[in-house]
Amino acid sequence: MTHPPDKNQKISFRQSVDLMVNRAAKVLHLDAGTVQAIQTCQSVLQVRFPVRIRGKVEVFTGWRAVHSTHLLPVKGGIRYAPTVDQDEVEALAALMSYKCALVDVPFGGSKGALLIDPRKYDRDELHEITHRFTIELIQKGFLSPAGNVPAPDLGTGQREMAWMADTYKQMHPNDINHLACVTGKPVQLGGIVGRVEATGRGVQYVIQEFFRHAEDVHMAGLNSELAGQRIVIQGLGNVGYHAARFLSEEDGARIIAIIERHGVLIDERGLDIDAVYRYKLEHKSAEGFPGARFHKDSGAGLEMACDILIPAALENQITAINAGRIQAKLIVEAANGPISYDADAILRERNITVLPDIFVNAGGVTVSYFEWIRNLSHIGFGRMERRHDELRSQRHLALLEELTGAKITDAAYRGIVQGTNE
C-alpha cells in the first residue's frame, strides 16, 4: 500500500491516486496484498522515435501504460501534451481501470501520451508524428482491436484517431476488425454518433441525477433546482465546452465564469457558451470577449463564489494550497484527478460535496464501448431492430385508434412510430 508522505513532501499524481485507493480499501476491509495488486501498473512502454520536421530531425518520447488486463482489451486515451510524464500516464491508466469497473464496461485500464506541444506543428507534421508513434505502439503490441484500444484525450481528437486506424490497417491489411483498434473516430470512418460530446453529456447526466436526490442537494447547501445554479467551469476543451453548453441551454444553469490557461472570463448574467467558444477559436483566448470582464489570474477563478465548480482541464488543479479558499458548494470532477489527495481531505473537512471523476467523466469510455462493439459486429445499431420496432408501434397505434375511435395526428404518429437508431 502507498503510505501518505510527510507534510512537507509533494504528492505526485500517481501517489494521489494510490492514496485514494488506500482510503477506499479501508472501507472495503481489503488486505494490504490485494490493495498492492490493485494499485500496481502491469506494464509501461516508453518509446523514442525520430521524425524529420522542416529539414531537421526531432526525437519524440511517448508512453503507453497498461494498468490492468483483468479484462481485454485494455482501454484509454492518448494525450498530446508538453508536460506529460510516465507518472502521469500510469496514474491515468489506473483511473481508467477503476472507471470501467465502476460503470461496468468490460475493459481493462490503459493510457498513452506523447511529449509534444501540438500547437507548434502543422497538420501534415502532426500526421507524420502520429503515424510514427502508432507504428511504435503496434510493433510493441500496445495497439490492437483485441488487446489495447486507444481513444482521444487532451490534445487529440477524431483526426488523430483516424490516422491511427489508417496506420493499423496499413500494417494489418487482412484484419477485418481494423476499425476497432481505436475509438473516437469520425462517424464516416467507423465512429459512432454522440462520441464527441459523450464525456460532456455524461457530466450533465451526473449533475442531473444528483439534483434528483433532495437530501444530498440540501446537505450541499444548494437550491433544489438545477436551473439557475451559478456554475464556474475550468477548461473549454471538448469536455468543458459540451458540459457547459448542455447545462446552460438545456437545464437553465448559469455559467458565470470560464477559466482558461491565461485567465478567467466572468459574467454574472451568464455566458453564451457557443459565442465564447467561437470567439476563442478565432482569437486563441477568451480575453476581450464582448460584454464580459477578463481577469488574468486564472487561479482566482477556482476560488470564486459559486454554486457548482466544474474542473474540466488537468489534474491537480485543487491542492492543499488553494483548497481552503474554494467557495463552491459542489465540485464536479470532469477532468481526471483535478483534486489532489491532500486537497480532498481539506474539502471533506469543510463539508464541500465532491462528485468523483471516475463516475463523472465515464461517459466517454461508455460510448467508446458501443463504438468498439459496433466495429466488431460490422452492423450499425438499429439496422436490425428499426423496421421491427416501427411495425410493432404501427400495430399498437392501430389498435389504440380502433379501441378509442379517435384519430392520432400525423405528427404524433410519426414521433411514436419512428424506430430506434444510433
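What counts and what doesn't
Residues numbered from 1 in each chain as written. Predicted model: local features only at pLDDT ≥ 70, side-chain atom pairs only at ≥ 80, totals over all residues. Heavy atoms only, no water. Helix = DSSP H or I, 4+ residues; strand = E, 2+ residues; numbered from the N terminus. Rg over C-alpha atoms; globule rule 2.2 N^0.38 Å. Contact = heavy atoms within 4.5 Å. Areas by Shrake-Rupley, 256 points an atom, 1.4 Å probe, with all protein chains shown as cover. Lys, Arg positive; Asp, Glu negative; His and termini not counted. Charge placed at Lys NZ, Arg CZ, Asp CG, Glu CD. Salt bridge = Lys/Arg side-chain N within 4 Å of Asp/Glu carboxyl O. Buried < 20%, exposed > 50% of the residue type's maximum accessible area, 1.4 Å probe, protein only. Pairing = 2+ DSSP bridges. Axes fitted to C-alpha atoms, helices over the stretch in contact; angles between N-to-C directions. Phe/Tyr/Trp six-rings, centres within 6.5 Å; stacked < 30°, edge-to-face > 60°. Arc of directions from axis to C-beta. Polar contact = N/O pair within 3.5 Å; in protein donor to acceptor, adjacent residues only side chain to side chain.

A. Looking closely at the overall build of the protein. Helix and strand content of the protein: 15 helices and twelve strands. Since a compact globule built from 422 residues should have a radius of gyration of about 22 Å, the 23 Å found for the protein is in line with a globular shape. Of the contacts made within the protein by residues no fewer than 6 positions apart, 66% connect residues no fewer than 24 positions apart. Counting only carbon and sulfur atoms, one obtains 52% of the accessible surface of the protein, whose full area is about 20,500 Å². Side-chain charges of the protein comprise 47 positive and 51 negative groups, with the mean position of each set lying 3 Å from the other.

B. Representation of the pattern of salt bridges within the structure. Applying the stated criterion to the full structure yields 26 salt bridges. For E260, the salt bridge is made with K280, and the minimal N-O distance between the two is 3.4 Å. On the criterion of sequence distance, the pair formed by E260 in strand 7 (residues 254-260) and K280 in helix 9 (residues 273-283) is long-range, its members being 20 residues apart. Residue E260 is classed as buried on the basis of its relative accessible area of 11%. Residue class for K280 comes out partly exposed when judged on its relative accessible area of 23%. The partner of D389 in a salt bridge is R392, with the nearest N and O atoms 3.2 Å apart. Residue D389 and its partner R392 are both found in helix 14 (residues 386-404); the two are separated by three residues, about one turn of the helix.

C. Main features of the sheet that holds strand 10 (residues 308-311). Here we have seven strands laid out as an open sheet, ordered 9-8-7-6-10-11-12, and mixed in their pairing. One side of each edge strand has no neighbouring strand; the edge strands of this open sheet are strand 9 (293-295) and strand 12 (353-355). Geometrically, the sheet is characterised by an average inter-axis angle of 20 degrees between neighbouring strands, direction not taken into account. For strand 10 and strand 11 (residues 330-332), the ladder comprises two bridges, and the chain directions are parallel. Looking at strand 11, one finds that I308 is bridged to L330.

D. Spatial organisation of the packing of aromatic side chains. Under the criterion given, the structure shown has ten aromatic pairs. In this structure an aromatic cluster arises from ring pairing among F49, F60, Y121 and F133.

E. Molecular detail of helix 9. Within helix 9 the residues assigned to the buried category are I273, A275, V276 and Y279. Buried residues of helix 9, seen end-on, are gathered within an arc of 160 degrees and therefore sit on one face of the element. In helix 9, the exposed positions that point more than 90 degrees away from the buried face belong to R278, L281 and E282. Contact partners of the buried residues in helix 9: helix 8 (238-249), strand 7 and strand 8 (263-266).

F. Fine view of the environment of A286. Tracing the chain through its elements places A286 in the loop between helix 9 and strand 9. We classify A286 as buried; its relative accessible area is 3%. In the structure, A286 is positioned 99 residues away from V187 in sequence and 30 Å away in space, judged by C-alpha atoms. Setting aside its immediate chain neighbours within four residues, A286 contacts E260, L265, V276, Y279, K280 and F294.

G. Quick look at the side chain of S16. Secondary-structure assignment places S16 in helix 1 (residues 13-28). There is a polar contact of 2.8 Å between the side chain of S16 and the backbone nitrogen of Y341. Apart from the residues within four sequence positions on either side, S16 is in contact with I11, I339, S340 and Y341.

H. Here's a closer look at the sheet that holds strand 2 (residues 56-66). Reading across the sheet, the five strands line up as 1-2-4-3-5 and stay open at both edges, with mixed pairing between neighbours. Looking along the sheet, the strands with just one partner apiece sit at the ends: strand 1 (43-53) and strand 5 (148-152). Taking the axes of each pair of neighbouring strands and ignoring which way they run, one obtains an average angle of 25 degrees across the sheet. Here strand 1 pairs with strand 2 via eleven bridges, running antiparallel. Within strand 2, the residue paired with V51 across the bridge is E58.

I. Representation of unusual backbone geometry within the structure. Cis rather than trans, the peptide bond between L72 and P73 has omega equal to 0 degrees. Its place among the elements puts P73 in the loop between strand 2 and strand 3 (74-81). A positive phi is found at D104, a non-glycine position, where the angle reads about 60 degrees. By the element assignment, D104 lies in the loop between helix 3 (86-102) and strand 4 (108-115). The phi dihedral of H378 falls on the positive side, at around 60 degrees, and the residue is not glycine. Mapped onto the secondary structure, H378 falls in the loop between helix 13 (363-377) and helix 14. When its relative accessible area of 47% is taken as the criterion, H378 is described as partly exposed.

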